[in-house]
Amino acid sequence: MKHSSRLCGLVASTLLIPTIANATIVEFVTSQGNVRVNLHDETTPKTVENFLNYVSDGDYNESLIHRVETNFVIQGGGFKYQDDGFNFGFIDTDDAVVNEPVWSNVKGTIAMAKLSGNANSATSQWFFNMTDNSANLDVQNGGFTVFGQVVEEDMPVLEAINELTRCSNSFGATPMVNYTGTQCTSGEAPGYENFVTIYSVDIIDETVVTDSALSKTPNTLIDEDNTPQPDTGSGGGGSLFWLLLCSFFGLSRFKR
């Protein structure tokens, strides 16, 4: 869970501010260009609500794209630069959200990342599918929840990030800007300007349904009867286990 003082502030503000609307289109404002995404509010409501909580809290502001697996996924939502090269700071997370594997992990979709072996462990991290990953990610670990689709004309921004030089580190293969492979291996510490930064994620259309005209692909591979049920436990031991997994496995929460 996030820090208690912050949580208290959010509770207080909730008493004064109406509940967030079904914000259906958001825009990722990044150092490499902007990417708009239609969210599937009605069909993956818990996942969209979870994502929008992080958006409204400003948690994704000044965060990083920390992992790119070329022609596979672009992952973010977990870390921020803190003036120390690849020693990133963590984004505070809320309780995990239940899995909603309704839509297929085809190219141009956004889905939630999660821990291996726990279908209902997604918190703040997400990834863009850079190819058709349905045969794998629609069934692996209970299926990965697709909760939005990239506006087609913004895909070139993601394609450019997909082709950047990458530096391997404990957080994954991190895409770099104006930073060479030689610099990656030399130990030269990169600066803020060398990372792909998400300046903000903004709500640009609060219409309840803007995805009705999209050509969405259902996840027909997952057997819903075998989808694990949500883990309602929220003890400190679970949080420690999560942190240990993050430390040892660099948050690579899915595999090809």
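Treat the numbers as computed from the prediction; the structure is a model and nothing was measured.

Definitions and cut-offs
- Residues numbered from 1 in each chain as written.
- Predicted model: local features only at pLDDT ≥ 70, side-chain atom pairs only at ≥ 80, totals over all residues.
- Heavy atoms only, no water.
- Core = buried A, V, L, I, M, F, W, Y, C linked by side-chain atoms within 4.5 Å.
- Buried < 20%, exposed > 50% of the residue type's maximum accessible area, 1.4 Å probe, protein only.
- Helix = DSSP H or I, 4+ residues; strand = E, 2+ residues; numbered from the N terminus.
- Contact = heavy atoms within 4.5 Å.
- Disulfide = S-S within 2.5 Å.
- Pairing = 2+ DSSP bridges.

For the rest of this paragraph, the subject is the nonpolar core. Within the largest apolar cluster, 32 residues are counted, with the highest numbers of intra-cluster contacts made by Phe28, Val37, Phe51, Trp126 and Phe128. Top element by residues in this core is helix H2 (residues 45-57). It accounts for 5 residues. With residues near it in sequence (within four places) discarded, Phe51 still touches Val26, Phe28, Leu39, Tyr60, Trp126, Phe147 and Val201.

Scanning all chains against the criterion turns up 1 disulfide. Here Cys167 pairs with Cys184 through a disulfide, and the sulfurs are 1.6 Å apart. Around the S-S axis, the bridge from Cys167 to Cys184 shows a dihedral of about -70° and counts as left-handed. You can see Cys167 sitting in strand S9 (residues 165-169) and its partner Cys184 sitting in helix H5 (residues 181-186), a full 17 residues away along the chain. Using a relative accessible area of 1% as the deciding quantity, one classes Cys167 as buried.

In strand S6 (residues 109-112), alternate side chains face the same way, and those of Thr109 and Ala111 on one face and Ile110 and Met112 on the other are all buried. One ladder, built from 3 bridges, connects S6 with strand S8 (residues 146-150); its direction is antiparallel. Bridge pairing links Thr109 to Gln149 in S8. Note: S6 against strand S7 (residues 126-129), 3 bridges, orientation antiparallel. Along S7, the bridge assignment pairs Ile110 with Phe128.

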